[in-house]
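Chain by chain, the residues:
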Amino acid sequence: MTDDKLKEALARIYRRDVSVEPKKAFEIKKEPVIDTTVKENVKEAQKPEPENQVMTEYVKEQDKPAAPIIKLQQKKEFKKEEPADEPKPVIKAPSKFTVSSNPHIKDNSSVKNIMWMVVVSLLPAAIAGVYFFKLRALSVIVLSVASAVATEIIINKLAKKPVTVHDGSAVITGLLMALILSPLVPWWIPVLGSIFAIAIAKLAFGGLGHNIFNPALAGRAFLVASFPALMTRWLLTDGVTGATPLGMLKEAGVATVSYFDLFIGNIGGCIGETSALAIILGGAFLLYKKIIDWRIPTLYIGTSALIAVIFGRNPLFHVLSGGLLLGAFFMATDYVTTPITKNGKLLFGFGCGFLTMAIRLWGGYPEGVMFSILLMNAFTPLIDRWTRPVQFGGKKR
Amino acid sequence: MKAIGGIHPNYNKFTSKSKIEVAPSPKLVILPLSQHIGAPCEPLVNVGDTVKVGQKIAEAKAFVSAPIHSSISGTVKKIEDMPHPVLGKCKAIIIESDGKIDWDPTIKQRDNPMSLDKEELKNMIKEAGIVGMGGATFPTHVKLSPPKEKPINILILNGAECEPYLTCDHKLMIEKCTEIIKGALIIKKILDVQKVVIGVEDNKENAILVLREKIEEMNADIKVIALPTSYPQGAEKTLIYTVTGKVVPAGGLPMDVGAVVQNVSTAKAVYDAVYESKPLIERVVTVTGAVNDRKNLLVKIGTPVKQIIEFCGGYSGAASKLISGGPMMGIAQCTEDIPVLKGSSGILVLAKQPEAEEFDCIRCGKCVEACPMQLMPTTIAQYAEKDMIEKADEYNAADCIECGCCSYVCPSKIPLVQKIKIAKNQILADRKKK
């Protein structure tokens, strides 16, 4: 192979362009060819591997490209000759084999699939929100998702990067943003929240996989800090404004709601947080599909309930009210902003539960889910380092 | 003990019902001087020499090495660099067949070989050029010579065959169970152990039954254990853990916990060497994937892959990958001119798969969950990518067994193994320098 051809081949490798024109079937030539290919193979092996390389295409020989039509004709003739036997097509070696690192098979999971699955699992909560809060909730959801997606497209375009909306994460952020807002917020609140979540909390950090804080929660924290009054007006489901159960508890010391209403979602609160039933349905789906790990939700909910018991509160009320369930199943399990180690996940869930209850019981806010998860997000890199598993056969550190 | 981590891929064991067929004797064999871990051999023949079947043509000078024998009779055509499935290229002895199958007349069968003493048996194994046939190709006589301070108390025969697609060990266990058991008894005698266990994944129920029946018939003191089917169940350390519950220390060897693991195919080769005085010149290879006739073939070592694929009816579709070994740990080849080696358990042809989109790591932790060595693959890969080799070492990149579980489960389709291998090789090279 000449230098030019090698360069061309390497250029193709670095561009990760694997599609190739159909090449004519070839016969392996004699020794000299084998020798050069081997040398080139070695040369290639010594080259530093490009960072994002998936497959190394190894160009063995550049043969004349043959039009696919000819192939078809050959097949037809073949069949005419021996119609009775139905001969199997004997296909000669391709002009090149793909060379890549093992493994050569992969499962059919994908980031896109996971993300859209999460969107599906959020639908029950969203539908419950729309059922209880009607058009107000629907408009908040639509505005929030649309502005999250639009923000991502615009910023991708401005940064001259490929548009990443198809991975589904912007839709999740927009949806979650809406689900943790009161249905009474003015129309620009979800828009502003989504813009902050996508532009600042996610894309400014490098996009999906690089953000430190959960984008939707960061968006809400931004809104709570900027417009505290607007963010804490609640709509009771009968069309009257009023307090959330946790708000009542904080202000008056008692909350007068039935467990049935708490469970179904017939209470004041954020669009997606009121119906425990809908959230548990979605969460169970994610657990069943093995998209989320059991460790974080279990530890989060368990720790919260335990702390409630220890301090003489009603654990069932604390678990069912506020954003705890939505947070435990959908926010604290966000892949990007939570630990990857098994023990790290346990620690993370515990920390979230502890902080949530600390804020609820002794803090200034009636609800602590948002701050607890954001705080634990900040600890994620440290937790990952602390909980690094001891390798198989390794010595305990 | 339940294996740690691991995955459950689609096994696609298409050839599990096809009997072992004898491949036609090749017209030409390519016998690389390095078919094992350790020092390459020195050729004993010159270009133009006539050789017989089973004649030793290359000698192992070092202890960790294994001699090479001619698998056909004919003349030595060339001794030069040829494509090698593992090393890329390697000096090889190329022999052209004379069309006859003339055995080396100096090879004589021993009477009552089990009466020989340990050293003699070990020497026979060494002289037969036997190496681990599961793929790692570690010279068997070395494994059978543990130092005195490492007492061995269990011999485990590895019949897990956890690699998808491959069925050569499975078929061998059914068709050559007597030989495998006799081979195991020879190794048992050499190691002087009481406990012998054959571990077989429970998806090969018929093999388990056949082995158990035969063992009872022969009144041998061997236990057949059904292992839970999961990949990489057959990885040495995982196998020892599942069978004995003992953990081989990181960087250590099985003998550190008193275990020796041998592949079932190796046990069969040991039988051949001791009872039949036959050196290792052929092995069973599973030819599968996008070929017209998928087969389990008994192939002469050194046969070019091209010929084997032709014998199996050629490619059945747009072949895009030719793999020596299985799909999880096999090595993708760039040419069909590579030969079958002592460690080649399979020839797998894969059709073009749709290219999956690669994303940045979304930190889902699935690789951490799947890693049988309990590493953090994505973290190591990120350090490798940034050339932070010391950090990768701190995260134990050198303990990676390259099983491929992490890459397999990664939803972002990141080639984690490839990146970890870069770090691992660098770390091992740095350690050597020190």
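Residues numbered from 1 in each chain as written. Chains lettered and ligands numbered in written order. Predicted model: local features only at pLDDT ≥ 70, side-chain atom pairs only at ≥ 80, totals over all residues.

1. Let's talk about the sheet that holds strand E13 (residues 282-289) of chain B
Residue and element names in this part refer to chain B.
Argument step 1. Taken together, the 6 strands give an open sheet; going across it, the order is E1-E14-E13-E17-E15-E16, and neighbouring strands pair in mixed fashion. Edge strands, defined here as strands with exactly one partner in the open sheet, are strand E1 (20-22) and strand E16 (331-333). The average angle at which neighbouring strand axes cross in this sheet is 30 degrees, direction not considered.
Argument step 2. Pairing geometry for strand E15 (residues 319-324) and E16, over 3 bridges, is antiparallel. Bridged to serine 324 within E16 is isoleucine 331.
Argument step 3. Contacting E1, E13, strand E14 (295-300) and strand E17 (346-351), helix H3 (residues 168-175) crosses the sheet at an angle of about 130 degrees to E13. (Pairing = 2+ DSSP bridges. Helix = DSSP H or I, 4+ residues; strand = E, 2+ residues; numbered from the N terminus. Axes fitted to C-alpha atoms, helices over the stretch in contact; angles between N-to-C directions. Contact = placed C-beta atoms within 7 Å.)

2. Looking at the packing of helix H12 (residues 295-310) of chain A against helix H14 (residues 324-331) of chain A
Packed helices, taken two at a time, are described by the angle their axes make and the gap between the axes.
Residue and element names in this part refer to chain A.
Argument step 1. Orientation of H12 relative to H14, taken along the N-to-C sense of each, is 155 degrees, at an axis distance of 8 Å. What the angle tells us is that H12 and H14 run roughly antiparallel. Between H12 and H14 the crossing geometry is right-handed. Contact with H12, carried on its side by Pro297, Tyr300, Ile301 and Ser304, involves Leu324, Ala328 and Phe329 of H14 and no other residues of that element.
Argument step 2. When the residues that make up the contact of H12 with H14 are grouped by side-chain class, the tally is 6 nonpolar, 1 polar and no charged. (Parallel < 35°, antiparallel > 145°, perpendicular 65-115°, else oblique. Left-handed = near helix turned anticlockwise from the far one by under 90°. Nonpolar A, V, L, I, M, F, W, Y, C, P; charged D, E, K, R; others polar.)

3. Concerning the interface of chain B and chain A
Accessible area lost during the coming together of the parts is what is often quoted as the interface size.
Argument step 1. Each partner contributes to the interface: chain B provides 71 residues, whereas chain A provides 50 residues.
Argument step 2. Those elements giving two or more residues to the side of chain B that touches chain A turn out to be strand E7 (74-84), strand E8 (88-97), E15, E16, helix H10 (377-385), helix H12 (405-409) and helix H13 (416-433) of chain B.
Argument step 3. Among the elements that line the side of chain B that touches chain A, the one with the most residues is E15(B), at 5 residues.

4. Brief notes about the packing of helix H1 (residues 118-127) of chain B against helix H7 (residues 264-275) of chain B
Residue and element names in this part refer to chain B.
Argument step 1. For the pair H1 and H7, interaxial distance at closest approach is 9 Å and the crossing angle is 110 degrees. Accordingly, the angle class assigned to the pair H1 and H7 is roughly perpendicular. Residues Leu121, Met124 and Ile125 of H1 form the contact with H7, whose own contacting residues are Val270, Ala273 and Val274.
Argument step 2. Considered class by class, the residues forming the contact of H1 with H7 number 6 nonpolar, no polar and no charged.

5. A look at the nonpolar core
Argument step 1. With 224 residues, the main nonpolar core has A:Leu175, A:Leu179, B:Ala184, B:Val270, B:Ile308 and B:Ile380 as its most contacted residues.
Argument step 2. It is helix H4 (residues 111-158) of chain A that contributes the most residues to this core, 16 residues altogether. (Core = buried A, V, L, I, M, F, W, Y, C linked by C-beta atoms within 7 Å. Buried ≥ 20, exposed ≤ 12 C-beta atoms within 10 Å, placed from the backbone.)

6. Focus: helix H6 (residues 188-202) of chain A
Residues and elements named next belong to chain A.
Argument step 1. Taking 1.5 Å per residue as the helical rise, H6 with its 15 residues ought to reach 21 Å, and the 20 Å between its terminal C-alpha atoms agrees with that figure.
Argument step 2. Within H6, 11 of the 15 residues are buried, which leaves the element mostly enclosed by the surrounding structure.
Argument step 3. Where H6 is concerned, the buried positions are Ile189, Pro190, Leu192, Gly193, Ser194, Ile195, Phe196, Ala197, Ile198, Ala201 and Lys202. (Expected span 1.5 Å × (residues − 1).)

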